[in-house]
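Spelled out, the chains give:
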Amino acid sequence: MRVHWSNRRAFIMATAGSAVGLGNIWKFPYMTGTNGGSAFVLVYLLCVALIGLPLMMTEVMLGRRAQRNPVDGMAHLASEAGATQMWKGIGYMGIAAGILILSFYSVVAGWVLDYGLRAAGGGFAGMGAEQAQQQFSSFIGNPYELLLWHTVFMFLTMVVVARGVTSGLERANKIMMPSLVAILLILLGYSMAVGDISRSLDFMFRPDFSRITPTAVLSAMGHSFFTLSLGMGAVMVYGSYLQRHVSIARASFYVVLTDTAVALVAGVTIFAIVFANGLEPAAGPGLIFQTLPIAFGRMPGGTLFATLFFVLVAFAAWTSSISLVEPAVSWLIENTRLDRTRAALLVGGLIWLIGIAVLLSFNAWGEIKLFGLTIFDQLDKLTTNVMLPLGGLLMALFAVWVMRAAHAQEELALNDRHYRRWLFVTRYVAPAAIVLVFLNLVGWLPLV
Ligand code: PFF
């Protein structure tokens, strides 16, 4: 018998744990900052509602029907539909995407751990802009320090994964997700008390259609996949541990809602603190490492709240990283004689090695460019803009064109109206949107 989550809540927490991560607290705020604020937020919300939610349902549905890891799951579903075994490719691509994402994700999560310690030691107090910048660049310029933290984070991830679905993944999420929400609310309260909330809300929500650029649209769409963990089998494998009677639509809705709420609240909180200190929102990836520490360093209770902030980000990253390796680990367990611990060690070791190349790309290997980008940037772009949307596209196409309608319908258990809506979006809207992004990437639609 395949293991399953203890209940619906456990699934929602684990999947929300996967979705809420660096994507929400590190990437989303800095992307909003560099893409002009409200315009980006608006398009992002549209993408999440129109494409993200239906695709989340699709991926959970495929997983639950398959009751297997993504590779064998797709093979099983394909034979059930009398289709070619080539659909297995979705599973392999997902495993590869998870490994590649975690190899840079873990490096950034390592920065978070280091900054958490710095914050706790009062290291931000009275820090000026130049000093903050210098601190960050000398930190990422030191490969040994990055290696140490990358190693620590990979170790933390693998410990949880090795303990299995219920006593590892489920338990970790059950502890960390509620803590994460509590910390976020405390920080929101803090930023309401000492930050510039109204300016932050204005920046994020006052509609300014003139700022909707093609670039903003494309990055918002790629990001909606990344932030919801879609297109690489993480949600599929979590869905494969979901019991039969749980409503996929409702559970997916809560996951998407939680992910979006966390991103928005994190954004409002961060910008309120940034604006109150007269700082710029457009710092890019350094926003929470360079800009935010300056702000915390000047504010009352800054040491405590900065520490809480980095604990929040670390929890978010940790609950996501375990889902990035679960497709690979479940595939190994179900296809080799390795037990879970050895499988975790093997996958973790591989990611750790690739991560070394990633962290060197901030210093010793900074000059090495793959198609014009550093190893770090290239892995981020390749996975977020290509592999995840491609995986999502293929899953959507499989669900509506290959799988038998009766099977999908049975699994989704939607009423007629909702089912037709899901079908329409999954059949036309999502694929069209994804194809548009691809055409643009290869330069046929030079929008950016
Ligand atoms: N959703 C995570 C985040 O927003 O940080 C990242 C992620 C996790 C992407 C798991 C993909 C995935 F399968």
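In what follows, the structure referred to is the one given above.
Right, let's walk through the structure included here.

Parameters and conventions
- Residues numbered from 1 in each chain as written.
- Predicted model: local features only at pLDDT ≥ 70, side-chain atom pairs only at ≥ 80, totals over all residues.
- Heavy atoms only, no water.
- Helix = DSSP H or I, 4+ residues; strand = E, 2+ residues; numbered from the N terminus.
- Buried < 20%, exposed > 50% of the residue type's maximum accessible area, 1.4 Å probe, protein only.
- Areas by Shrake-Rupley, 256 points an atom, 1.4 Å probe, with all protein chains shown as cover.
- Phe/Tyr/Trp six-rings, centres within 6.5 Å; stacked < 30°, edge-to-face > 60°.
- Lys NZ or Arg CZ within 6 Å of the ring centre and 35° of its normal.
- Near = heavy atom within 4 Å.
- 1 Å grid on protein atoms, 1.4 Å probe; cavity = no way out; pocket = protein on both sides within 12 Å on 5 of 7 lines; lining within 4 Å.
- Sits in = over half its atoms within 2 Å of the grid points.
- Nonpolar A, V, L, I, M, F, W, Y, C, P; charged D, E, K, R; others polar.
- Polar contact = N/O pair within 3.5 Å; in protein donor to acceptor, adjacent residues only side chain to side chain.
- Contact = heavy atoms within 4.5 Å.
- Points joined across faces, edges and corners; volume = space filled by probe spheres on them.

On to the overall build of the protein, then. Counting its secondary structure elements, the protein contains 18 helices and 0 strands. In terms of its C-alpha atoms, the protein occupies a principal-axis envelope of roughly 65 × 50 × 45 Å. Out of the 448 residues belonging to the protein, those deemed buried represent 59%. Total accessible area on the protein stands at roughly 17300 Å², and carbon and sulfur atoms take up 65% of it.

Time to look at the packing of aromatic side chains. Applying the stated criterion across every chain, the model contains 32 aromatic pairs. Measuring from centroid to centroid gives 5.1 Å for Trp111 and Phe362, while their planes differ by 70°, and the two rings are edge-to-face. Of this pair, Trp111 sits in helix α5 (residues 88–120) while Phe362 sits in the loop between α15 (340–360) and α16 (375–402), and the two are 251 residues apart along the sequence. Under the relative-accessibility criterion, Trp111 is labelled buried at 4%. Here Arg118 stacks its cationic end above the ring of Tyr115, 5.1 Å away from the centre of that ring.

Turning next to the site of the ligand. In the neighbourhood of the ligand, 15 residues make up the surrounding shell, with Ala19, Gly23, Tyr105, Phe226 and Met232 lying closest. For the ligand, the protein covers 100% of the area, taking 340 Å² as the surface of the free molecule. Here the ligand occupies the largest cavity. For the shell around the ligand, the per-class residue count stands at 7 nonpolar, 8 polar and no charged.

Attention now moves to the side chain of Arg2. Tracing the backbone shows Arg2 in the segment before α1 (8–19). A distance of 3.5 Å separates the side chain of Arg2 from the backbone oxygen of Gln67, its partner in a polar contact. If sequence neighbours within four positions are ignored, Arg2 has contacts with Gln67, Arg68, Asn69, Val237, Ser240, Tyr241 and Glu334.

Right, let's talk about the layout of surface pockets for a bit. Here the largest pocket is characterised by a volume of approximately 510 Å³. Lining the largest pocket we find 22 residues, and of these Met31, Thr215, Ser219, Lys381 and Asn385 sit closest to its centre. At the level of elements, α2 (22–34), α10 (214–227), α16 and α18 (416–441) are the ones that each hand at least two residues to the lining of the largest pocket. Of the residues forming the lining of the largest pocket, the biggest block, 6 residues, is contributed by α16. Across the lining of the largest pocket, the residue classes break down as 9 nonpolar, 9 polar and 4 charged. In this structure, the second largest pocket is lined by 15 residues; those nearest its centre are Leu53, Met57, Leu414, His418 and Arg421. Secondary structure elements with two or more residues in the lining of the second largest pocket: α3 (38–66), α12 (248–276) and α18. In terms of residue count, α3 provides more of the lining of the second largest pocket than any other element does, 5 residues in total. Taken together, the residues of the lining of the second largest pocket sort by class into 11 nonpolar, 2 polar and 2 charged.

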